[in-house]
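Here's the letter readout for the chains.
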Amino acid sequence: MLINIVRVRQQRNRMAIVRRTLLVLLCALSSPLASSAQAAQSLSRDQLAVFLRTLSAPPTAALPFVEHRMSKLLREPLQLTGELRIEADGAIDKRILKPFQERVQIKSDTLIIEGGQGRRTVNLARDKRWRAFHAGIAGLINRDATALSAAFAVTLEQSAEAWTMRLQPRGDTARSAPMIIATGKTSALTDLRIEQSKSEWQAMHFTSAAP
Amino acid sequence: VVSVGSANRWLLVTALGLVALTALTMSVLKPTFDLAYYLPKPTSEQEAVLVERLGQGAGARLVFAEIQSQSADASAIAATLKETLAASPLFVRVENGQFDLGLSSFPPALWNGRYLLADVDWTVDGLRVALQQRLQDMSSMGSPEFSDLMAADPTWAAMRAAEGLQFSGMASELRWSEGEQRAFMVLETKAAPFDLSAQQDALTALRSAYRTTAGTDQGLALYGVGVYSTMIKARVQRESTWLGLAATSMVLLVVFLAYRSWRLMLISLVPLACAVLGGMLLSTLLFGAIHGITIAFGATLLGVVDDYPMHIFSHARHTSAQHSVRRLFITLLGSAGTAMVAYLALALSGSRGLAQLGVFSLGGVLCAMLVTCVLLPKLIPSISDVAIGAQDTVPQRFALSMRVWVPGALLAVALIIGLGGLRWNDNLGDLTPLPQELLQRDHDMRVRLGTPDPRYLLTLTGGTVEEALRGTEQLTAKLGQAKAKGLVSGWSSALAVLPSEQTQLRRRGAIPEAAVLADSLRLAISDTPLASDAFEPFLKDAVNARTQALVTPATLRNGVLGDYLDSHLSRVDGRWRSSVYLAGIQSVPEFTEWLAVNARGALLVDLKMATQSLVRSYRERLLDVLVIALLAIAAIVFWTTRKLRRFLWCMGTVLAAIGCTLGIMVALHTSFTLFHLVSLMLVAGLGVDYCLFYSRPDVSRTEFLDSGHALLACSASTIVGFAILGASSIPMLSTIGLTVAMGTAIMYLMARFGCRLQEKS
């Protein structure tokens with residue numbers, strides 16, 4: 001299915017690091033996570049909001065990525081490399097460079113695919129799975145704890161160095177919509193995995209952060 | 001002499017008889033709204049297509065839904081509506097731009113016949129290219145359902161066949177939404193657009209599903225021929241109900257003021273009621289069903305019978321009703337006879353619709369005459385013998401002046417010539433009560449969603465289905481070139497579900513044997529990450545397709561594909577006609593020019609022009625009939641009047657009044673339509689009635705004054721009744737109302753002031 005997004009950005013500003021550290025500390029002290037930092041914990045909306053604020057804002061430069069996609073039809077995962085750009089208005093521009101060239105854009109509610117088969121335009125809101133997936137990505141990009149909590153049950157595993165957040169769809173899309181697993185180090189998102197079933201998944205790893 | 005008791009008993013019997021007649025009529029009444037019923041026999045291929053496709057075309061069955069939501073995602077509402085309505089038997093298809101990537105999303109006939117409905121390159125290279133494309137698709141659209149579909153059909157044959165059915169297809173850039181607040185849908189109803197009852201059911205189901213989904217009625221706007229038909233029907237019903245009530249009340253008030261009698265006021269309704277019921281009964285019995293237009297126009301034409309009882313009432317003020325009938329019978333017969341001759345001409349015109357209108361009106365007038373002459377005298381109690389004996393019986397002379405009708409005729413001619421002659425308007429669309437903005441919005445929706453323009457289509461015919469389909473294949477191949485030149489943006493044809501046998505045999509023959517296909521697939525997969533055993537479903541289906549029966553109209557008979565085929569392929573007069581509906585014609589002249597060079601066998605049908613052509617034929621036929629009727633009417637008027645001077649006065653007055661009305665209506669409405677013509681037929685009927693009564697020979701002063709009283713009451717009631725109809729916002733009702741009211745007033749004034757009593761000393 002689609003598009004994976006990551007935002008990674010290195011903290012260059014010391015004040016930002018201090019702020020993040022304080023926020024994470026605050027989060028740790030004020031939540032059940034404080035008692036078991038390594039175990040996966042369900043997050044309330046407020047806890048999620050506190051955590052999301054520790055993450056960096058999405059970078060404006062193109063982020064190189066390597067994506068692995070698995071299907072029951074494949075012997076081995078399909079490997080794709082390309083670049084991902086996230087615009088200030090939330091628009092996503094994913095360019096696959098290898099093994100073929102294809103550009104996938106999400107503008108407003110429209111998915112535009114351009115490649116060897118011409119140009120195709122698809123309504124992004126055309127089914128519930130898409131909508132759930134997009135809600136997850138948009139929630140992460142916008143650090144919108146309210147939207148994420150409404151659409152997903154969120155759990156977080158966190159250590160001093162890394163964290164893993166699982167977004168399990170709620171409601172009538174719980175069975176069909178994919179689970180989103182975001183992994184990061186400190187304030188940066190480094191991996192995004194989308195699982196639709198055991199044999200159908202995709203994992204995107206961001207090879208380097210934006211300067 | 002009729003006593004009050006006897007009259008009351010007869011009144012009760014009449015009331016019961018009317019109830020029984022109404023019940024009988026309603027029990028056999030079979031109304032129809034098939035417009036083709038009223039059209040004359042087509043004289044060209046364009047008209048033939050129009051008559052056959054009227055209300056059946058793909059573009060005419062579409063309903064466009066625009067969803068606007070401030071609080072929820074409009075696209076989500078559209079998606080839910082699609083899920084809900086796709087299972088409804090009222091809709092052939094429901095689209096919101098979404099095509100589900102799953103096996104269950106394809107109609108079974110399409111899925112099973114996919115390798116016959118779409119071309120597939122079965123070579124190793126062809127399969128390799130297909131697999132590479134699917135791998136790309138997987139990277140952007142992969143899902144468990146996608147994998148199932150790809151395993152069964154990596155060639156995407158079913159998808160390409162299904163795209164042929166869609167208005168825009170997946171490759172389209174057409175927008176089905178604008179932001180989160182606006183979304184668009186296209187629904188095709190199973191019912192024809194003029195099957196108003198079924199259209200209403202479909203629209204109610206749509207609105208109900210929207211209410212359930214969105215939680216409100218607000219935010220849903222619907223467009224399309226069926227929507228407008230039901231909208232117009234509702235509006236016509238609403239307006240005609242209150243206008244009819246108002247007109248009837250006013251007519252009854254006029255009758256009451258004229259005769260100061262509740263009994264006469266009620267009795268005046270009896271001949272008209274019997275005329276309408278009798279006309280409906282006779283038409284239904286003779287034709288099997290009665291058309292809505294027949295009832296509407298027929299009831300208008302029967303307005304003439306409303307005068308009959310009033311003649312009796314006015315004269316019965318000074319004598320008995322029976323005596324009045326005897327004295328007036330010849331004149332009444334002349335008046336009714338002229339109307340019946342005109343309607344007989346319609347009945348024998350050869351056009352099915354006009355014939356029914358003629359029979360309806362003829363039967364109605366006959367019923368009204370019988371009731372007026374036989375039944376009415378029994379319902380009116382006689383006045384005292386003294387009064388009867390006191391009646392003035394001295395015959396008087398009358399001066400029938402040419403000083404009114406001759407200047408009137410000259411004025412009419414001058415008026416019509418001065419206004420540039422009579423301009424016929426055969427475009428019934430100009431009379432639509434729909435706002436222009438709504439029609440523009442309808443056009444915008446069709447352009448946005450790439451749906452067929454209901455105005456244009458290409459047709460070609462063949463002696464057999466195969467011949468028609470082969471011609472269509474050649475035509476659509478050429479249309480591809482036209483699309484590349486930007487002359488047309490798309491089309492829909494029968495080929496999406498039924499290619500020619502020749503093409504199907506070629507496709508079936510191209511499917512390799514099992515071993516060869518497995519080998520080709522193995523080679524195609526070899527340099528991909530795909531698993532070698534992933535495509536077992538595909539191999540099995542492809543091998544089965546090698547011996548599969550060809551797709552035929554019978555294969556598709558039931559279900560969505562059958563409905564689609566019916567609207568694109570039809571049998572007419574022993575030949576098969578294939579219709580290709582066009583979308584987005586940029587320039588009709590350029591496209592016509594291109595067509596003349598590149599696709600000579602195809603006919604571009606402009607349904608709007610064909611409609612106008614048919615209406616013109618209808619009008620010309622009607623005028624021919626009326627000319628013959630006029631001669632017959634003149635003969636009857638001559639028989640009734642027995643004197644050349646009286647005959648000339650009658651015919652001159654009627655024609656001059658009709659001419660003046662014509663001139664004034666042309667000045668007011670700039671052009672002349674069928675509705676004016678039907679209205680003038682009624683005015684002419686009333687005019688003959690007025691003139692015959694004013695010019696009755698050998699009448700006493702009392703009788704002359706009674707005739708004047710009756711004609712004043714008749715004309716006043718007609719003018720008041722039709723003037724109220726003229727206030728309607730519906731152009732058709734307004735045209736009929738104004739024309740009849742104006743014509744009746746002119747007719748009455750010309751007859752009244754053209755005749756003067758010269759009392760004998």
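Residues numbered from 1 in each chain as written. Chains lettered and ligands numbered in written order. Predicted model: local features only at pLDDT ≥ 70, side-chain atom pairs only at ≥ 80, totals over all residues. Heavy atoms only, no water.

Within chain B, the regular secondary structure consists of 30 helices and 14 strands. Counting all 761 residues of chain B, 55% fall into the buried class. Across chain B, every contact between residues at least 6 apart in sequence was considered, and the portion connecting residues at least 24 apart equals 82%. Here chain B has roughly 31300 Å² of accessible surface; of this, 61% comes from carbon and sulfur atoms. (Helix = DSSP H or I, 4+ residues; strand = E, 2+ residues; numbered from the N terminus. Buried < 20%, exposed > 50% of the residue type's maximum accessible area, 1.4 Å probe, protein only. Contact = heavy atoms within 4.5 Å. Areas by Shrake-Rupley, 256 points an atom, 1.4 Å probe, with all protein chains shown as cover.)

This brings us to the packing of helix H1 (residues 4-28) of chain B against helix H16 (residues 352-379) of chain B. Residues and elements named next belong to chain B. Direction vectors running N to C along H1 and H16 enclose 130°, while the axes themselves pass 7 Å from each other. Between H1 and H16, the interaxial angle falls into the category oblique. Only Leu375, Lys378 and Leu379 of H16 make contact with H1, whose side of the interface consists of Ser6, Ala7, Trp10, Leu11 and Thr14. (Axes fitted to C-alpha atoms, helices over the stretch in contact; angles between N-to-C directions. Parallel < 35°, antiparallel > 145°, perpendicular 65-115°, else oblique.)

The next thing to look at is the packing of helix H26 (residues 607-641) of chain B against helix H28 (residues 674-694) of chain B. Residues and elements named next belong to chain B. Contact geometry of H26 with H28 gives a least axis separation of 11 Å together with a crossing angle of 5°. As judged from the angle between their axes, H26 and H28 are roughly parallel. Of H28, the residues touching H26 (which contributes Val615, Tyr618, Arg619, Leu622, Leu623, Leu626, Ile633, Val637, Thr640 and Thr641) are Leu674, Leu677, Met681, Val688 and Leu692. The residue inventory of the contact of H26 with H28, partitioned by class, reads 12 nonpolar, two polar and one charged. (Nonpolar A, V, L, I, M, F, W, Y, C, P; charged D, E, K, R; others polar.)

Right, let's talk about the pattern of salt bridges for a bit. Inspection of every chain in the model, using the stated rule, returns 21 salt bridges over all chains. Between Asp217(B) and Arg211(B) there is a salt bridge; the shortest N-O distance is 2.6 Å. Residue Asp217(B) is classed as partly exposed on the basis of its relative accessible area, which comes to 47%. Residue Arg317(B) pairs with Asp706(B) through a salt bridge whose shortest N-O separation is 2.9 Å. Separated by 389 residues along the polypeptide, Arg317(B) in the loop between helix H14 (307-315) and helix H15 (321-347) and Asp706(B) in helix H29 (residues 701-726) bring together distant segments of the chain. Each of Glu67(A), Arg69(A) and Lys94(A) takes part in one network of salt bridges that share partners. (Salt bridge = Lys/Arg side-chain N within 4 Å of Asp/Glu carboxyl O.)

All names here are of chain B. Summed over the entire model, instances satisfying the criterion amount to 13 aromatic pairs over all chains. When the centroid spacing of 6.0 Å and the interplanar angle of 10° are considered together, the rings of tryptophan 122 and phenylalanine 538 count as stacked. You can see tryptophan 122 sitting in the loop between helix H5 (114-117) and helix H6 (124-141) and its partner phenylalanine 538 sitting in helix H23 (residues 536-545), a full 416 residues away along the chain. Overall, tryptophan 122 belongs to the buried group, its relative accessible area being 6%. (Phe/Tyr/Trp six-rings, centres within 6.5 Å; stacked < 30°, edge-to-face > 60°.)

A few words on the nonpolar core. If you look at the biggest cluster of nonpolar residues, it comprises 110 residues, and the most contacted ones within it are Tyr308(B), Val365(B) and Trp649(B). The element best represented in this core is H28(B), accounting for 15 residues. Residues in contact with Trp649(B), not counting those within four places in the same chain, are Leu400(B), Ser401(B), Trp405(B), Cys691(B), Tyr694(B), Ser695(B), Ala751(B), Gly754(B) and Cys755(B). With 62 residues, the next largest nonpolar core counts Ala203(A), Phe106(B), Leu165(B) and Leu517(B) among its residues. (Core = buried A, V, L, I, M, F, W, Y, C linked by side-chain atoms within 4.5 Å.)

This brings us to the environment of Trp201(A). Residues and elements named next belong to chain A. Inspection of the secondary structure assignment puts tryptophan 201 in strand E12 (residues 201-206). When the C-alpha atoms of tryptophan 201 and isoleucine 180 are compared, they prove to be 9.9 Å apart, with 21 residues separating the residues in sequence. Those residues in contact with tryptophan 201, other than ones at most four positions away along the chain, are His68, Arg69, Met70, Pro77, Arg193, Ile194 and Glu195.

With that settled, consider the pairing of strand E8 (residues 152-158) of chain A. Working note: regular strand, side chains alternate between the two faces of the sheet. Residues and elements named next belong to chain A. Going residue by residue along E8, you find Phe152, Val154, Leu156 and Gln158 tucked away on one face and Ala153, Thr155 and Glu157 left uncovered on the opposite face. Direction of pairing for strand E1 (residues 41-42) relative to E8: antiparallel, over a ladder of two bridges. Across the sheet, residue glutamine 41 finds its bridge partner in E8, namely leucine 156. Bridging between E8 and strand E9 (residues 162-169) involves seven bridges; their strand directions are antiparallel. Among the inter-strand pairings, leucine 156 is bridged to a residue of E9, identified as methionine 165. (Pairing = 2+ DSSP bridges.)

Take Leu189(A): it is sitting in strand E11 (residues 188-195). The exposure class assigned to Leu189(A) is buried, which follows from its relative accessible area of 6%.

By themselves these figures say nothing about function.
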